[in-house]
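Structural overview
The chain contents come next:
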Amino acid sequence: MSIKIKFLVITSLLLLLSSATIFWINRSSFLDDKRSYLYSSAMERIQNATDEITKGSDKVMERVQTALLFFDGAIFSPQIKLVATQQKWGNIQVYRQVEGATQFMDSLTEGPSLPPAQLRYLQALPEGKLQTDLNLDRPESLIVYFRKGDLLIYGDLKFEGLKLASQKGALGLWNPARSQWKPPTGLQHPELAKDSFLGFMKDQGSGVREVDLGSREYLVSYSYLPQIQTYMFQAFDKGQIYSVLKQTMNKTLMASALIIALGLIATFFSVDSLTQSISVLAGGMSLFASTGQSKPIQLKSSDEVGRMATVFNSMLEKIQGLLRQTEEKARMEAELETAKEVQTVLLPKSKVDTDQYTLKGFYQPATECGGDLWFHFNDSDKLFIFIGDATGHGVPAALITSAARSVLSLSMAENIWDPAKVLSMMNQVLCDLAKGEKMMTAFAALYDQKNGSLTYSNASHDFPLICPLPMEGKKLKKNDLVFLTEANSKRLGETKASEFTTETVPLAPGSAFFAYTDGLIDAVNKDGTAYGERSVIKTAVDSTNRGSARSLHDIMQKQIVEHIEAQEQPDDITFLGLYIKPT
């Protein structure tokens, strides 16, 4: 038998032996991986069920809102009553509290009057408070209590998701407020499980736990549903889950033991025939396999082993070069990730909600580091907002945004609210920093809550727009949108001589302000089609006409996420929306 054949036989046996040995040593790790998979799978299943039930509760709230839109202050319109009856929404009753007395106004469908206890509970609700109640004995209905001014709203509405889940028996439910406990079918010792399960579910969170109920062990995944003040959980019998896995492990271990024995026997009878060259080659390869390092093998043999040594030396040189490149790449990726984390810290919280307004922002960089920036700061009477777009993206653009963010922090610390002055300060810093090689478009504005005005200054940024509240009975048209085209100047960092001015426009209650970077209109889908400015304008007009000006930011975010999907984008995408609440 030639050396080549002997080497192949022995190498094959050694590989099998190594695989069996590694598998035996990592037995616990293998089980841990499987356990992690089961944990994540259990959590995913309960999360999917949670999402479905959340959709159901959201649908109930949408029906309440829709019904109230068609309530004229005294009665519901016949159209909404017809829709509610045909679609089997359930019942909504409206009462009016006048001078301490409660007067029934109208109901969406025929139904019994509200019992005194529930009416008193409804009367005690704070202004604007919405409260839900779920009776697990009637999971097909969701009770809604809501107070708006002198109107008291009670709803007993159809809620199908939870009823369907309960009928299947796959889910367990616990309503602490009503002390209702509905264990899933197949759960042994439900009363013993109740004491154990309630102990770790009472923190109103979600997770996965292993629970020992004496004769059986369970894997329990649970989640709290704040919309219906109810816990939902699933229990899986660990004995059934792991039985097949344990059988497979035992068979695999037996096979590994047999392979090891055969490998040892084959190695014992073949080792005497191996040459010194093969020992040197094996030693070099073993050293590389265990430490990742080795010296070139010096063999003068011209047979198969000598040729293998030459190939090994060539591979060793290439692998060591690749390892050096990989190490350098890993270092650079770590630095980029650190820069990304630092830049994320520079961004403000994405939502501010006060009694006067709601401000929301969206930021998605094209690479690890982005060149877009948005920011805000406020006090009890004023709100300052900023959005900017540095040329390019990546680390150089991120450095520009960091410098701009520093100016914003200084402005906030020094109580500087003037948009033109802030842009002027930022222009001086960027001119000194980038020397005209990197610039930034920017828009800064100050919303004054007392007089309902917006004072702004622009540095060649895409023109923001205002969606005014349409007159009653009128539809908003494209020409009704107010584009903030005045007070425009050169880009930041272009020249120190730039002068920035301000312009003031009214921003009335019920209107919405929207600003964005060009990454929004340049965002492409998988077909290469850009989102476009026309889509931005159409969305703004449609949202306002549907009475959804308050949700313009959320609608725009949903549309752009659906548009780009997982497609890599040419530029960072940033936008913000400001909605002025009606007084």
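Next up on the list: the overall build of the protein chain. Scanning the protein chain from N- to C-terminus turns up 14 helices and 22 strands. Per-residue burial for the protein chain yields a buried fraction of 43% across its 583 residues. Summarising the internal contacts of the protein chain: among those between residues at least 6 apart in sequence, 64% fall at separations of at least 24. When the accessible area of the protein chain is evaluated, it comes to approximately 31600 Å², of which 55% is carbon and sulfur surface.

Two orientations exist for strands paired in a sheet by backbone hydrogen bonds: parallel and antiparallel. Spatially, five strands are ordered β2-β1-β5-β4-β3 in an open sheet, and the strand pairing comes out antiparallel. The open sheet has two edge strands, β2 (101-107) and β3 (130-133), and neither has a second partner. The mean angle between the axes of side-by-side strands here comes to 20°, regardless of whether they run parallel or antiparallel. Bridge count for strand β1 (residues 90-98) against β2 is six bridges, and the pairing is antiparallel. Paired with Val98 across the two strands is Ala101, which belongs to β2.

So, on to the side chain of Gln93. Tracing the backbone through its elements, the reader meets Gln93 in strand β1. Given the relative accessible area of 4%, Gln93 is considered buried. A polar contact of 2.6 Å, which involves the side chain of Gln93, links it to the side chain of Tyr95. Those residues in contact with Gln93 that sit more than four places away from it in its chain are Phe104, Asp106, Ser107, Gly111, Pro112, Ser113, Leu114, Leu152, Ile153 and Tyr154.

For the rest of this paragraph, the subject is the packing of aromatic side chains. Under the defined criterion, the tally for this structure stands at 15 aromatic pairs. Taken together, a centroid distance of 5.4 Å and an interplanar angle of 70° make the contact between Tyr95 and Phe104 edge-to-face. A relative accessible area of 6% means that Tyr95 is categorised as buried. Look at Phe377 and Trp417: their rings are 5.0 Å apart centre to centre, the planes differ by 55°, and that puts the pair in the tilted class. Of the two residues, Phe377 sits in strand β13 (residues 372-378) while Trp417 sits in the loop between α10 (395-413) and α11 (419-434), which places them 40 residues apart along the sequence. Judged by relative accessible area, which is 13%, Trp417 ranks as buried. Cluster of aromatic residues (ring-pair linked, three or more members): Phe362, Phe514, Tyr516 and Phe575. Taking the ring centre of Trp417 as reference, the NZ or CZ of Lys382 above it sits at 4.7 Å.

This next bit is on the packing of helix α13 (residues 532-545) against helix α14 (residues 552-564). Interhelical geometry of α13 versus α14 gives an angle of 135° and a closest axis separation of 10 Å. The pairing of α13 with α14 is recorded here as oblique in orientation. Seen along the crossing, α13 lies across α14 with a hand that is right-handed. Contacts from Val536, Thr539, Ala540 and Ser543 of α13 reach α14 at Leu552, Ile555, Met556 and Gln559. Looking at the contact of α13 with α14, its residues break down into five nonpolar, three polar and no charged.

α11 packs onto α10 with a crossing angle of 145° between their chain directions and a minimal axis gap of 10 Å. Where α10 crosses over α11, the handedness of that crossing is right-handed. Here Leu399, Ile400, Ala403, Ala404, Val407, Leu408, Leu410 and Ser411 of α10 lie close against α11, whose contacting residues are Val422, Met425, Met426, Val429, Leu430, Leu433 and Ala434. Among the residues forming the contact of α10 with α11, the class breakdown is 14 nonpolar, one polar and no charged.

Applying the stated criterion across every chain yields a total of 13 salt bridges. Here Asp554 and Lys360 are joined by a salt bridge, their closest N and O atoms 2.6 Å apart. Note that Asp554 is positioned in helix α14 and Lys360 in strand β12 (residues 357-364), a separation of 194 residues in sequence. The closest approach of N and O atoms between Lys558 and Glu562, which form a salt bridge, is 2.7 Å. Note that Lys558 and Glu562 are positioned in helix α14 at a spacing of four residues, about one turn of the helix.

In this structure, Phe386, Met426, Met440, Leu454, Leu492, Phe513 and Leu578 are the most contacted members of the largest nonpolar core, which totals 51 residues. Beyond its immediate stretch of four places on either side in the chain, Phe386 contacts Leu373, Trp374, Phe375, Leu408, Leu423, Met426, Met440, Ala442, Phe443, Ala444 and Leu576. Val60, Ile80, Leu134 and Phe159 belong to the second largest nonpolar core, which has 31 residues in total.

A few words now on the sheet that holds β12. Here six strands make up an open sheet; going across it, the order is β11-β12-β22-β21-β17-β18 and the pairing antiparallel. Strand pairing shows two members of the sheet lacking a second neighbour, β11 (351-353) and β18 (482-483), which therefore form its edges. Sheet analysis places β12 next to strand β22 (residues 573-580), joined by eight bridges and oriented antiparallel. Counted as the bridge partner of Gln364 is Ile573 from β22. On top of the sheet, α13 reaches β17 (465-467), β18 and β21 (512-516); it is set at about 25° to β17, its chief contact. Across the face of the sheet, α14 comes into contact with β12, β17, β21 and β22 while running at roughly 160° to β22.

Moving on: a nonpolar patch on the surface. Together, Leu258, Leu262 and Ile265 make up a nonpolar patch on the protein surface, roughly 300 Å² of accessible area in all. For Ile265, the position within the fold is in helix α7 (residues 238-270). Here Ile265 falls in the partly exposed class, since its relative accessible area comes to 46%.

For the rest of this paragraph, the subject is unusual backbone geometry. Its identity as a non-glycine residue notwithstanding, Lys88 has a phi of 55°, on the positive side. Note on placement: Lys88 falls in the loop between α3 (78-86) and β1. Positive phi is not limited to glycine here, since Ala487 has a value of about 50°. You can see Ala487 is positioned in the loop between β18 and β19 (488-489).

About the cut-offs
Residues numbered from 1 in each chain as written. Predicted model: local features only at pLDDT ≥ 70, side-chain atom pairs only at ≥ 80, totals over all residues. Heavy atoms only, no water. Helix = DSSP H or I, 4+ residues; strand = E, 2+ residues; numbered from the N terminus. Buried < 20%, exposed > 50% of the residue type's maximum accessible area, 1.4 Å probe, protein only. Contact = heavy atoms within 4.5 Å. Areas by Shrake-Rupley, 256 points an atom, 1.4 Å probe, with all protein chains shown as cover. Pairing = 2+ DSSP bridges. Axes fitted to C-alpha atoms, helices over the stretch in contact; angles between N-to-C directions. Polar contact = N/O pair within 3.5 Å; in protein donor to acceptor, adjacent residues only side chain to side chain. Phe/Tyr/Trp six-rings, centres within 6.5 Å; stacked < 30°, edge-to-face > 60°. Lys NZ or Arg CZ within 6 Å of the ring centre and 35° of its normal. Parallel < 35°, antiparallel > 145°, perpendicular 65-115°, else oblique. Left-handed = near helix turned anticlockwise from the far one by under 90°. Nonpolar A, V, L, I, M, F, W, Y, C, P; charged D, E, K, R; others polar. Salt bridge = Lys/Arg side-chain N within 4 Å of Asp/Glu carboxyl O. Core = buried A, V, L, I, M, F, W, Y, C linked by side-chain atoms within 4.5 Å. Patch = residues over 30% accessible without salt bridge, like charges linked within 9 Å, V, L, I, M, F, W, Y side chains within 5 Å.

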